[in-house]
Amino acid sequence: MLSVSEARERILSVFLPVESQTVSLNRASGRVLARDIVAETDLPLFDNSSVDGFALHSVDFVSPRTLNVLADIRAGETSETPIQPGQSARIMTGASLPPGAEAVVMVENTDFNVRTSGTPAPQTVTIHKSVQPGENIRRRGEDLHSGDKVLSAGMRLRAQEIGLLAMLGMAEVSVYRQPRFALLSNGDELLPVEAPLAPGKIHESNSYVLAALAEARGVELIRLGIAADTEADVRSWLEQAVEAKADVIVSSAGVSVGAFDYVKSVIEEDGELDFWKVNMRPGKPLAFGKYNGVPFFGLPGNPVSAFVGFEVFVRPALEKLSGLELRPRPHQMACLTEPLESDGRESYLRAVVSQENGRLVARLTGHQGSGNIFSLVRANALLIVPSGVKSLPANSDVEIWPIA
Ligand code: AMP
Ligand code: MG
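Residues numbered from 1 in each chain as written. Chains lettered and ligands numbered in written order. Predicted model: local features only at pLDDT ≥ 70, side-chain atom pairs only at ≥ 80, totals over all residues. Heavy atoms only, no water.

Peer 1: Please explain the overall build of the protein as it appears in this structure.
Peer 2: Of the regular secondary structure elements, the protein holds 7 helices and 27 strands. Computed over its C-alpha atoms, the radius of gyration of the protein comes to 31 Å, more than 25% above the 22 Å expected for a compact globule of 404 residues. Projected onto the principal axes, the alpha-carbon positions of the protein cover approximately 95 × 55 × 40 Å. The burial tally for the protein puts 47% of its 404 residues in the buried class. Across the protein, every contact between residues at least 6 apart in sequence was considered, and the portion connecting residues at least 24 apart equals 71%. Entry remark: accessible area of the protein is about 19,300 Å², with carbon and sulfur atoms responsible for 51%. The averaged location of the 49 negative side-chain charges in the protein is 3 Å from the averaged location of its 38 positive side-chain charges. (Helix = DSSP H or I, 4+ residues; strand = E, 2+ residues; numbered from the N terminus. Rg over C-alpha atoms; globule rule 2.2 N^0.38 Å. Buried < 20%, exposed > 50% of the residue type's maximum accessible area, 1.4 Å probe, protein only. Contact = heavy atoms within 4.5 Å. Areas by Shrake-Rupley, 256 points an atom, 1.4 Å probe, with all protein chains shown as cover. Lys, Arg positive; Asp, Glu negative; His and termini not counted. Charge placed at Lys NZ, Arg CZ, Asp CG, Glu CD.)

Below you can see the structure in the form of structure tokens.
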């Protein structure tokens, strides 16, 4: 039986980032940057005022002083007339600083504290408050310089990166294509959520869980459907995934050794089965391989096992496929409130983690059966018991993974 980390290594070695594409900036939020971004301009682009006020020559920094107002510079305009001693220009926030000006005094500190729309500039202005050199000036390049590498390939673009790209005048950006993520459910007992129940049947839920997890990471979802427990049906759905050019197929159930578990045998016949048992709990029966060249995950059928299987194996693979720079998963240490028994397999338990008396503590959310989704709903973290550990006393430090 493989360890979790061996299985993850083997899985990751199969995936390469998808190709890149150019998208317009207004479609780029949440996408993964495919090329480093080097600034081609300084930001700010030019020296400008950070307030509404009056631009001053350096000899006029000490107040009180009355100056002639020779120009009125609005945002979006420039004035080429140099400011001489004894002169000033009214200037608006974001307007380009005129030559000769070395500071800006705010309107609040002058006798012309008028900002009603449309008020023309005065002939003269009296300054009440001294200013420091450079006061209220945003210098060209103080944020970043032309030639600086400002964003790295492999990062997911957030609102602030989109804003930066816009400020740099980049209307288009090179991002990785969204991976095509095909989802299949298996089982004669499964009915679509909109179908009325019948005796012995249940509503299929794994595809909703897995779709939600995958879509939150920016995939193009291919919802295959529910395969009946026959080889022919499993094969025909997998064929559809191949036709749809899936980059990865994620299937749940039908991978253990039940009399009607056909997923494994279909993968063995039409592809390659890499392994099918991982030393973990929940979720020991886990198949990984390729179906006609497409990487394939056969997750366990129990809803909590399928969730954990995604978090432990599919998520890092999807990150690599998406072009994201690979980073260890963010985790924390928390203190167990009660003793805990395990069976020696690496275990992912549902827990609530909270701050108590200045430290993080973890409490299990009750019954840990792998079909019980409600205890997962109540959890905000997975608590990891390392392999080989069969019991942990209260107050032990344990690793936890926050779950969104
Ligand atoms: P299996 O791996 O096929 O033996 O399924 C294990 C358990 O998971 C059974 O109780 C199934 O009914 C349940 N199960 C399998 N697939 C799903 C699904 N898509 N949604 C909800 N439960 C499922
Ligand atoms: Mg089944």
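Peer 1: Any chance you could explain the pairing of strand S27 (residues 397-402) here in plain terms?
Peer 2: Each regular strand displays side chains that alternate between the two surfaces of the sheet. In the sheet, strand S21 (residues 332-336) pairs with S27 via 4 bridges, with the strands oriented antiparallel. Directly across from glutamine 332, in S27, lies its bridge partner isoleucine 400. Across 4 bridges, the pairing between strand S25 (residues 381-385) and S27 is antiparallel. Looking across to S27, one finds that alanine 381 is bridged to proline 402. (Pairing = 2+ DSSP bridges.)

Peer 1: For this particular structure, what's the right way to read the site of ligand 1?
Peer 2: Neighbouring ligand 1 are 14 residues, the closest being Glu189, Glu204, Ser205, Gly254 and Gly301. Here an oxygen atom of ligand 1 and a backbone polar atom of glycine 301 are 3.2 Å apart. Protein contacts shield 76% of the accessible area of ligand 1, which totals 490 Å² for the unbound molecule. (Near = heavy atom within 4 Å. Polar contact = N/O pair within 3.5 Å; in protein donor to acceptor, adjacent residues only side chain to side chain.)

Peer 1: Is there a simple way to explain the sheet that holds strand S8 (residues 124-127) in this structure?
Peer 2: Within a beta sheet, neighbouring strands are joined by backbone hydrogen bonds and run either parallel or antiparallel to one another. Taken together, the 5 strands give an open sheet; going across it, the order is S7-S4-S6-S5-S8, and neighbouring strands pair in mixed fashion. The two strands at the open ends of the sheet, each matched to only one other strand, are strand S7 (103-106) and S8. Within this sheet the neighbouring strands show an average axis-to-axis angle of 40°, counted without direction. When strand S4 (residues 53-56) meets strand S6 (residues 87-91), the two strands line up antiparallel, connected through 4 bridges. Note that in S6 the partner of glycine 53 across the bridge is isoleucine 91. (Axes fitted to C-alpha atoms, helices over the stretch in contact; angles between N-to-C directions.)

Peer 1: Even after reading the chapter, I still don't get the packing of aromatic side chains, so can you show me in this structure?
Peer 2: Pairs of aromatic rings are described using the distance from one ring centre to the other and the angle between the two planes. On inspection of all chains with the given rule, the structure shows 6 aromatic pairs. Aromatic side chains phenylalanine 15 and phenylalanine 288 sit 6.2 Å apart centroid to centroid with 40° between the ring planes, which places their arrangement in the tilted category. Here phenylalanine 15 is found in the loop between helix H1 (4-14) and strand S1 (20-24), whereas its partner phenylalanine 288 is found in strand S19 (residues 285-291), with 273 residues between them in sequence. Each member of the pair, phenylalanine 15 together with phenylalanine 288, is buried. Put simply, the rings of Phe15, Phe288 and Phe297 pair up and form one aromatic cluster. Sitting over the face of the ring of tyrosine 208, arginine 223 holds its NZ or CZ atom 4.5 Å from the ring centroid. (Phe/Tyr/Trp six-rings, centres within 6.5 Å; stacked < 30°, edge-to-face > 60°. Lys NZ or Arg CZ within 6 Å of the ring centre and 35° of its normal.)

Peer 1: Help me understand a nonpolar patch on the surface, please; the structure alone is not making it clear to me.
Peer 2: A cluster of nonpolar side chains, contributed by Ile373, Phe374 and Val377, occupies part of the molecular surface with about 300 Å² of accessible area. Among the structural elements, phenylalanine 374 can be located in helix H7 (residues 373-377). (Patch = residues over 30% accessible without salt bridge, like charges linked within 9 Å, V, L, I, M, F, W, Y side chains within 5 Å. Salt bridge = Lys/Arg side-chain N within 4 Å of Asp/Glu carboxyl O.)

Peer 1: Which parts of the structure should I look at to understand the environment of alanine 182?
Peer 2: Residue position: alanine 182 is located in strand S12 (residues 180-186). Taking relative accessible area as the criterion, alanine 182 reaches 0% and is therefore assigned buried. Here the alpha-carbon distance between alanine 182 and phenylalanine 296, two residues 114 residues apart in the chain, equals 9.4 Å. Non-local contacts of alanine 182, meaning those with residues more than four positions away in its chain, are made with Ile222, Leu224, Ala241, Ala246, Val248, Ile249 and Val250.

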